[in-house]
Amino acid sequence: MYQTIDLFHFSCILKIFHTLFNWNTTVHVFVHKAKNLSSTQNSVFTQMTEYKLGRIEVCLKVGKLIEQQVDVIVCSGPQDLQLKNGGMAEALLKAAGAGIQTECHKKYPQGINYGEIAITDGYDLPCKFVYHGAIPKWASTCTPTPKQSLKEFVTNCLEEANKHKMTKTLAMPTLGTGSLEYPPDEVAEVMAKCIEDFDKKHPQTELTRITIVAYNLDKKWQTVQKAFLSTLQVTNPSLISQGPVSSVVTQKTECELGRIEVCLKVGELIEQQVDVIVCSGPQDLQLKNGGMAEALLKAAGAGIQTECHKKYPQGINYGEIAITDGYDLPCKFVYHGTIPKWASTCTPTPKQSLKEFVTNCLEEANKHKMTKTLAMPTLGTGSLEYPPDEVAEVMAECIEDFDKKHPQTELTRITIVAYNLDKKWQTVQNVAFLSTLQVTNPTLISQGPASSVVTQKTEFKLGRIEVCLKVGKLIEQQVDVIVCSGPQDLQLKNGGMAEALLKAAGAGIQTECHKKYPQGINYGEIAITDGYDLPCKFVYHGAIPKWASTCTPTPKQSLKEFVTNCLEEANKHKMTKTLAMPTLGTGSLEYPPDEVAEVMAECIEDFDKKHPQTELTRITIVAYNLDKKWQTVQKAFLSALKMTNPTLISQGLTSSASSLSSKKVNSKQYFQDLYASTPISPSYWTKYTSNKTLAIWNTSFSQSAFHVVDVKIANPVIYKAIEDLALRTWQPLFVGKGVDSVGLDQLGYTKIKITKIERLENPHLFEEYWKYREKIFLKAAQSGVLKPLGQIPAVKKGDVLTTATADASLQVEIYPGINEHYLFHGTQPELIQNIHTQGMDGRVANSPSFGRGVYCAESSTKSDQYADPKTHRDLKKKKMLLVRACLGEMFIRTDTVNKYAYTRPPCQSCHQDRCIDATHSSRFFDSIVVDGNWNFREFILYDNKACYPEYLITYKRI
């Protein structure tokens, strides 16, 4: 889907844009960036080119076949349908799952002949069906020939798709151009001819879009692509876009005039799928006598002429409009008009007639509440010889005046079509319309020099999730879910963005809020309603406090909780694939854009790691384009998203070149700043809050002061996160197994039930933990991010299970860059009071295998072994702790047979805990992880201050 472009192809793209848009200044910026990108190869652009072969849209795309979201995926493989034995078929098998192979064997036990197709379900692929086929090697001397087999296969696929009326989209690879060694130009010629023949044979087919995918990991994909580009252009006179061979791109430019989106498009008016098409022609409405009107008559059918004669027997005057149905055109209505030649000396003047005609069209569209989209040509710029700059000026002025006059209009999108077979379309588009639209529109969606009027949209990937950063309006996003923040009482009319949402959605959304949430919501929570008149299924309403608030939880934590809740809620509903949210809090709530961007990116990344199978695959973040500081907000997000994401899909303009923040996560400077920061309590503490330093708190209270909070009451989200963590890391197969679980197998339980969770707020203990953690921050500031457990060669069981499993809401103010993790620790109830006041002390451990330290676990099953004495096991309520543990640099002990009582973590040079070699550096490990043949790993901390007993979990064995 996404292909890294080398310097040569990058410069070709620049030439395209220079030709089409005259982006002189932008080209200089891009060329400078290209020189850097060619060496780093970190700029991944979407490669996609579109054409029309007859009525069928053909999209040539560089990417992976198995990622195409279509009705049908076509794949070639071996004749016996043993998918694991064919390159592309093998990749398809891995993505789809074993069921697809089973179906192949069941339905086609004898396999298939060359050119035939086998049809299966799509299983885990993003399609309904897969058409499997087989073609011989190009060098084969079989009959039919390889070329004939290819033609038969492609034809059979198209014919089969046509039989099923719900099949509208199909994707196929550049068949045979890989290991079968088919010449790309031959394949391109065959496939193009098959599609053209199919289009002629089936003028009413519902198969209207075919995607041809060149595999982006194939070394010769550029050769394949060039062959298809050349062939498709040669065979297709009705190419969507214009230009030389190298500039085959879809030509479409978008801007905003007030609240109305204006799309300048190169193509044919009669193909625009809108509510209304506007067309100019002769005064007597004899459509066959006017160039554009004649083309419209042919496309619409004779009925449109009959209606014109019946309703307007006298014709119309200049500037007036006649209204008919759309008939066979892809619109509801046609507005017919007439304007005089530019050189005419009539009254009103040609310019006045043009203005009157455009204004009448807009006013008429506004009368009909269901009319939201309208397309009109660049009126008069053809045989009537109107100067393009004059036409552009008039049309832009009319649209702006209309927008000011009708702030509540439902007409929100106007497409202006430059005829692509008009020789002077580039002059019409470039010199006149692009220039005029930008001059008259201060709220232009895109950035750049005067000639670069493009939609500002930048796309990334955070893990498996596509993130689109867009400048525009939240209420216009066509997604499954729109996220909006507003007041806690859900009185939508009292909150800027919420008020705009209320106006767009209608009163029903407010009624539902009051009915379902009469008490409103707390900060960070969400309220869910239908989308009503918004272009979405649902709206997630939330509330966050002002940035300057001193509330608990803090504004930043509330923001993180809100975003996390939205993503988790979307994940629960399997049909929710797309979600749009604003740059939360960056308006009147005064949240710093860089902080918001960092939180949102982190939440998305955490969500992606937690839910690898989620159906929520695309998130749009919308920066409001009428906000004066939207550029600042956009830059912050571009920086944060790029910072956290090495798999950037597309590059923006100048703003995407922003240098990374000096506080880039896990940079040395980041750790330096953390090392230098003042010790404070976690932002979510409720008694010893973070508005005072720990030093101040500790000078005000005795050494034994602490506070216990019932988490279920204080923060239900965190309660659920901890409960889930304990249950997800529970491993029933190991209950009663191992030396330390003696007696448990007699109790007959396999599960636990959480009954209570409490949080310990002890400022003295936390200050000691903070100061220990400072030393690890300093180490990371000097050497960089510390190696995570899963990346240490000796490790057998991968990353820390608790961190890999925990909900993002539990990761607030946890620093995995220094290997800070939550881990379990089993203890007996009578020791809890001492732990709350004194902390955890490994010196009192009873002869442990690897020395006296604090032993922690990543599985709640392991910690359960220590909840009661081996000689007095029972099913009464038990306790275990969830502790913050700062592991730092970890020594991996794989020998679990021979016990060794470490006094401290060993030297990094000789691995001895009692190192006396002066030639060794003074650098020691910070903790030990025992990762051998035991059921569970042991995490051992030899400094009591390296862990903090933050949560106490009460549970029952069941």
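Computed from a prediction, not measured in an experiment: that's the story for all the values here. (Residues numbered from 1 in each chain as written. Predicted model: local features only at pLDDT ≥ 70, side-chain atom pairs only at ≥ 80, totals over all residues. Heavy atoms only, no water.)

The secondary structure content of the protein amounts to 25 helices and 32 strands. The contacts of the protein with a sequence gap of at least 6 include a subset with a gap of at least 24, amounting to 71%. (Helix = DSSP H or I, 4+ residues; strand = E, 2+ residues; numbered from the N terminus. Contact = heavy atoms within 4.5 Å.)

Attention now goes to the side chain of R884. Residue placement: R884 occurs in strand 28 (residues 878–886). Since its relative accessible area comes to 1%, R884 is described here as buried. Within polar-contact distance, the side chain of R884 engages the side chain of E820 at 3.2 Å. (Buried < 20%, exposed > 50% of the residue type's maximum accessible area, 1.4 Å probe, protein only. Polar contact = N/O pair within 3.5 Å; in protein donor to acceptor, adjacent residues only side chain to side chain.)

Turning our eyes to something else, we now look at the pairing of strand 7 (residues 129–133). The element strand 7 is extensively covered by neighbouring structure, given that four of its five residues are classed as buried. Sheet analysis places strand 5 (residues 72–76) next to strand 7, joined by five bridges and oriented parallel. Opposite V72, over in strand 7, you have F129 as the bridge partner. The sheet contact formed by strand 6 (residues 117–121) and strand 7 spans five bridges and is antiparallel. Bridge pairing in strand 7 places T120 opposite V130. (Pairing = 2+ DSSP bridges.)

The mixed open sheet is built from four strands, whose spatial order is 27-31-30-29. A single partner strand is all that each edge strand has here, and the edge strands are strand 27 (854–856) and strand 29 (890–893). The mean angle between the axes of side-by-side strands here comes to 25°, regardless of whether they run parallel or antiparallel. Where strand 29 and strand 30 (residues 927–930) come together, four bridges link them in parallel fashion. Note on strand 30: the bridge partner recorded for I892 is V929. (Axes fitted to C-alpha atoms, helices over the stretch in contact; angles between N-to-C directions.)

On to the side chain of S558. Tracing the sequence through the fold places S558 in helix 15 (residues 555–572). In this structure, S558 is in contact with Y523, G524, I544, P545 and P553, ignoring residues within four places of it in sequence.

Moving on to helix 21 (residues 716–728). Look at helix 21: 18 Å from first C-alpha to last across 13 residues, which is about the 18 Å you get at 1.5 Å a residue. Of all the positions in helix 21, only I718, Y719, A721, I722, E723, D724, L725 and A726 are classed as buried. (Expected span 1.5 Å × (residues − 1).)

Okay, the pattern of salt bridges next. A side chain of one charge can pair with a side chain of the opposite charge if their charged atoms are brought near each other. Per the counting criterion, the structure on display carries 50 salt bridges. Between K367 and E364 there is a salt bridge, with its nearest N and O atoms 3.6 Å apart. One end of the pair, K367, and the other, E364, are both in helix 10 (residues 350–367), three residues apart, so they sit about a helical turn from each other. Note on E364: relative accessible area 14%, which makes it buried. Ionic pairing is found between K779 and E889, a salt bridge with its closest N-O pair at 3.1 Å. With K779 in helix 22 (residues 763–783) and E889 in the loop between strand 28 and strand 29, this pair connects stretches of sequence that are 110 residues apart. Take K779 and E889: they sit in the same class, and that class is buried. Here the residues in one salt-bridge network are D864, D868, R873, D874, K878 and R957, joined through shared partners. (Salt bridge = Lys/Arg side-chain N within 4 Å of Asp/Glu carboxyl O.)

On to the confidence of the model for the protein, then. Looking at the protein as a whole, the pLDDT averages 82, with 82% of positions reaching at least 70. Counted against residues more than four places away or in other chains, residues 1–46, with its pLDDT under 50, gives 96 contacts. Residue range residues 438–455 is modelled with pLDDT below 50. Its contacts to residues more than four positions away, or to other chains, number 56 contacts. (pLDDT = per-residue confidence, 0-100.)

Here the amide bond leading from T347 into P348 is cis, since omega sits at 0°, within 30 degrees of zero. Its location among the elements puts P348 in the loop between strand 14 (333–337) and helix 10. Backbone torsion omega between T552 and P553 reads 0°, so that peptide bond is classified as cis. Locating P553 in the fold gives a position in the loop between strand 21 (538–542) and helix 15. Despite not being glycine, Y327 shows a phi value in the positive range, around 50°. Note that Y327 resides in the loop between strand 13 (321–325) and strand 14. Its identity as a non-glycine residue notwithstanding, E590 has a phi of 65°, on the positive side. Of note, E590 is situated in the loop between strand 22 (578–582) and helix 16 (593–610). On the accessibility criterion, E590 (52% relative accessible area) is exposed.

Attention now goes to the sheet that holds strand 26 (residues 820–826). Adjacent strands of a sheet pair through backbone hydrogen bonds, lying either parallel or antiparallel. Spatial ordering of the open sheet is given by 24-25-32-28-26, a layout of five strands whose pairing is antiparallel. The open sheet has two edge strands with one neighbour each: strand 24 (707–710) and strand 26. Going from strand to strand, the sheet's axes swing by 30° on average, the running direction of each strand aside. As paired elements, strand 24 and strand 25 (residues 752–761) share four bridges and run antiparallel to each other.

Attention shifts here to helix 10. Over its 18 residues, helix 10 runs 26 Å from end to end, which matches the ideal 26 Å to within 8%, given 1.5 Å per residue. Taken residue by residue, helix 10 has P350, S353, L354, F357, V358, C361, L362, E364, A365 and N366 as its buried positions. On its buried face, helix 10 sits against strand 12 (276–280), strand 13, strand 14, strand 15 (373–377), helix 11 (388–405) and strand 16 (413–419).

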